[in-house]
Amino acid sequence: MPRFDPRGRANRALLVGVSEYETLDTGNLPGVAHNLAQLSDVLGAGEIFGQDEITVCSPAGVDEFTNILNTAVESAEGLLLFYFAGHGAVPSGGDELWLQMRNAHVVKGVVFQGAQSWTQVLGTLASSRAKQIVVVLDCCHAGNAGSAWETLEHKGRISQLMSVQANHQIGAGPGTRPTPFTEQLVRILREGVGGQGGDVSFQSLSEEIRARMSKHRTARSDTWEPQSRPGTSGTDVLLATDIPLPPAPPLPWWRRRPVLGAVAAALLPVLGLGTYYLTTQGGQALCAPPLELRLLTDPDIEPTVRKAAATYMVSDANRTGDGCRRSGITTYSAGAADVVTALRDNSSAWQKPSDDEATANPQRDIGAQPDIWIPSTSADVELVRPTSGLGEASLGTDTPLASSPIVLAVPEGTAKRLAGQREGRKIADLITAFLRTEPGSEVRRADPEFTSAALLATRGLYGTAASGKNAEKTVAHAGLPALTGRDMLCRLPDLGEVDDRTAAIVPEHLLRTGVDCEKEKRAERVALYPADVPGLDPVFVRVTWESADLDEDARSEAADSFRTWLTGKEGAAVFGADGFRGALEGKTRADEVAGPAKVVPGTLSEPAPLAEPASGDALDDALGKYRNASGPGRVLFLLDSSGSMRKHWEGPSGAPGMLKQSLAGLGEQDTYGIWAVADTGSGPYTELLDFASHTNTDAMNRIDRAAQVKDAQADPYRALSKALEYMAERGADDQGPQLIVHLTDGEDNDHLAGADKLSGLLGSARDKEIPVAMVSLESDACLEDRPDRRIADESGGRCLDSAGSDLTSALVDEVASTGSGDQK
């Protein structure tokens, strides 16, 4: 059976336990508190979860539980482990399992308030992008959760372990130690199957714990039988690793000669010599818990850095002279721009966070203050270093680790039409050439606020222009950008044919087969190497903190040991295996890592010289322009209100209903207005909602009151011309994103049919550079050479018609790409 190994990925463990209840008369469960403490410890001691990846909580109610669950679901990428211990209940006459929170109470044995149905929890878990999801339930009636699993549509990656068979209650133990089921669970994870060590997987855990619990009895004196439902994909999941004990050091002389040893043991404390080390009865050294280093990195390189840290931790380089582990390493990541700001401007708040929730709190928003920082570009260090010594944090020397060029990864079929353009050209020219290869081609880039790779690409896109407004149009698409390059690549297969016509701006190493999404079959891509975009050059930086000197020497020694290993052949091999090139030394690459051409299809072994590493000022400038170009938006809606729209007016799928739903992508910082397009004699439109900032509730109420079908025809030509002029005036003073949405049935498109009228409108759309989304409630409006399609293409907008699978969702995404989405 194949086995999924989550090490080196962004994993999450959510441990939920309710030991005290405010209203239930079924009693408290003091053993659950021991469950959480011991399970958290055993998971944190392994190689699967970092300490920052384990969340322990005892939610007061359903709302708190839901928020915590959503956070875990959204952040997990490798393994998502969900554990619940507390009261579980089923309604009278039913079989649905309900997880009861601290304020839970039962109404007439049927309604559970302050409880969450397992069907809903499982559905939320299933929405995670995690590669594998493992559920462990320790509660009465846990086996009833099996029915929800059976009816789940996609359960290939969801494995479920339930403490007892359906419709059985179980004892919680004396309360002085974990509950019986979790006590055995922890022992197996810590000691291995049969107590013999070794890795523990979901399958072996399920079999072992079933055997162990067979000696226990349920409340009705039946054999206690845990139930399991392994994911239907047939892939087992690694849950705990066997960390070999260090070799025993030579026995000290007093252990070899017991009589003299007893005398020495008595004299050592008196003489002030202390104790050299503790030993077990067999002479095995008992190692103290290793010092824990905190490593902060960029999200795009986190999987590789995490893998390197995990490899180092079990290497001989991380052993002290007596065979004990020198250090553990907790690896975590955060948005690159947020980290730079925190280290540069908020290091004092990081060291001593305020209780005021409104003030900056890097510990809350990023994580614990790091001992090691590995940004994906040395430019980030340059941005921080000038002021880092003025706060609580100081940065050491940055040591190069690896490199990865930024590439435009185009579908393999399209690459043939771009022969001879793989290197030496600017990224803007490469994008333009690609977009011309076929209609509907797209270029995507991750969020420049989140990863430095996307910001480096943005710097190249903008060039020396005063703003990025025009450049942003070349990478615009419906919806919000993916946070990281790997997220973007891994999700493209879900978009069907979009995958085959989309180019992605990503670091070259992400093209290596199996980087974080090996289960997905995405379109093969070929790398084009823009000459004006610097690549990634991750560096190792030691971070020290004012007044944090209690274990300064030991912490520095541990960090230096990891640096030495990471910059040597073993560390370089980890980066090389993930598609990175050798570290940059000046303008040449070190040769300790072979170029990725041997392992990465579609890349060049020796591309032409690339741009020099980016400067901090260049990235700061690009980020400022991006924020301006992608800040609060302006949207003008043109709602066809002519007589023919009567059949498309009512209900959520009617034109006003679709418009109201699209407001979800707009927030209070955005400005927008609505014109009712019908020529009633006073002009081609009337103002339905003034162009200003609105709460979406107010805007929807206004639509409900004022939107009406008129007994008149529409003149879309005149209305669109006026709209382009109107929006051009409002965009004259800044570079914020803008959009015109024309929502129509196309009945009056004959006004656009005249060659002169359409030609003039197309010229205006091209000159004004304001995207127009032509949204048609008919099915053929977006065929090639139709007026709607031509207007959308010339303006840099998008054409949507009812031939698409979900016109409303497409409109919502289109508006969201312009608005801030911070709605109230």
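These remarks concern the structure in this document. The structure presented is a predicted model; accordingly, all values stated were derived computationally and were not measured. Counting of residues starts from 1 at the beginning of each chain's written sequence and follows it residue by residue. For this predicted model, a pLDDT threshold of at least 70 governs which residues receive local features, and a threshold of 80 or more governs which side-chain atom pairs are given and counted, while totals over whole chains, interfaces and linings are taken from all residues. Working from all heavy atoms in the structure, the side-chain values ignore hydrogens and water.

**Considerations on the pairing of strand β14 (residues 327-333)**
Working note: regular strand, side chains alternate between the two faces of the sheet.
So, point 1. Burial classification: accessible surface area is computed with a 1.4 Å probe over protein chains only, and a residue below 20% of its type maximum counts as buried, one above 50% as exposed, and the rest as partly exposed. Here a strand is any run of E in DSSP of at least two residues, a helix any run of H or I of at least four, and the numbering for each starts at the N terminus. Among the seven residues in β14, six count as buried, and that is most of the element.
So, point 2. Should DSSP find at least two bridges between two strands, the strands are regarded as paired. Across seven bridges, the pairing between strand β13 (residues 291-297) and β14 is parallel. Looking at the pairing, Leu296 lines up with Tyr332 of β14.

**Things to note about the pairing of strand β28 (residues 772-776)**
So, point 1. With five of its five residues buried, β28 lies for the most part within the structure.
So, point 2. Here β28 shows no split at all, with Val772, Met774 and Ser776 on one side and Ala773 and Val775 on the other all buried.
So, point 3. With five bridges joining them, strand β27 (residues 738-744) and β28 adopt parallel strand pairing. Opposite Val741, over in β28, you have Ala773 as the bridge partner.
So, point 4. Pairing between β28 and strand β29 (residues 798-801): four bridges, direction parallel. Considered in β29, the bridge of Ser776 is made with Asp801.
So, point 5. Running through helix α27 (residues 787-795), the crossover from β28 to the neighbouring parallel element β29 is right-handed. By the criterion used throughout, a crossover qualifies as right-handed when its path from the first strand across the helix to the second strand runs clockwise, the strands pointing away from the viewer.

**As for helix α28 (residues 807-816)**
Residues lying three or four places apart along an α-helix face the same way, a consequence of the helix completing one turn every 3.6 residues.
So, point 1. Along α28, seven of the ten residues are buried, which leaves the element largely enclosed by surrounding structure.
So, point 2. Of the positions making up α28, those classed as buried are Leu807, Thr808, Ala810, Leu811, Glu814, Val815 and Ala816.
So, point 3. Between two residues, a contact is recorded if the distance between any of their heavy atoms is within 4.5 Å. Contacts from the buried residues of α28 go to β24 (634-640), α22 (655-662), β27, β28 and β29.

**Here's the deal with the state of the cysteines**
So, point 1. Cysteine sulfur atoms are paired as a disulfide whenever they come within 2.5 Å of each other. Within this structure, the stated rule accounts for one disulfide.
So, point 2. Each disulfide pairs two cysteine sulfurs, and for Cys782 the partner residue is Cys799, the sulfurs being separated by 2.0 Å. Since a negative S-S torsion denotes a left-handed disulfide, the Cys782-Cys799 link at about -90 degrees is left-handed. Here Cys782, found in the loop between β28 and α27, pairs with Cys799, found in strand β29; they are 17 residues apart in sequence, far enough to count as distant.
So, point 3. Residue Cys799 is classed as buried on the basis of its relative accessible area of 16%.

**A few points about the packing of α22 against helix α23 (residues 696-706)**
So, point 1. An axis is simply a line fitted to the C-alpha atoms; with a helix, the fit covers only the stretch in contact. Between two such axes, the angle follows the N-to-C directions and lies from 0 to 180 degrees. At a minimum axis separation of 10 Å, α22 and α23 run at an interaxial angle of 170 degrees. Our classification of the angle between α22 and α23 gives roughly antiparallel. Residue-level inspection shows Pro656, Leu659 and Lys660 of α22 in contact with α23, the latter providing Met700, Ile703 and Asp704.
So, point 2. The classification used treats Ala, Val, Leu, Ile, Met, Phe, Trp, Tyr, Cys and Pro as nonpolar, Asp, Glu, Lys and Arg as charged, and all other residues, Gly among them, as polar. For the contact of α22 with α23, the class distribution of residues is four nonpolar, no polar and two charged. Should an angle lie under 35 degrees it is considered roughly parallel, over 145 roughly antiparallel, and from 65 to 115 roughly perpendicular; all remaining angles are considered oblique.

**Considering the packing of aromatic side chains**
So, point 1. Classification of ring pairs uses Phe, Tyr and Trp, with its six-membered ring standing for Trp, and accepts pairs whose centres are within 6.5 Å; under 30 degrees between planes counts as stacked, over 60 as edge-to-face, and the remaining range as tilted. The final tally for this structure, using the stated rule, is eleven aromatic pairs.
So, point 2. Ring centres of Phe82 and Trp118 lie 5.8 Å apart, and the angle between their planes is 35 degrees; this geometry places the pair in the tilted category. Pair noted here: Phe82 is in strand β4 (residues 79-85) and Trp118 is in helix α3 (residues 118-126), with a separation of 36 residues, a long-range link. For the pair shown, Phe82 and Trp118 are each scored as buried.
So, point 3. Between Phe691 and Tyr726 the ring centres are 5.6 Å apart and the planes differ by 80 degrees, which places this aromatic pair in the edge-to-face class. Here Tyr726 lies in helix α24 (residues 716-730) and Phe691 lies in strand β26 (residues 685-692), a separation of 35 residues in the sequence. A single burial state applies to Phe691 and to Tyr726, both of which are buried.
So, point 4. Note on geometry: a ring has a charge over it if NZ (lysine) or CZ (arginine) is within 6 Å of the ring centre and within 35 degrees of the ring normal. If you follow Lys155 out to its NZ or CZ, it ends over the ring of Trp149, 5.5 Å from the centre.

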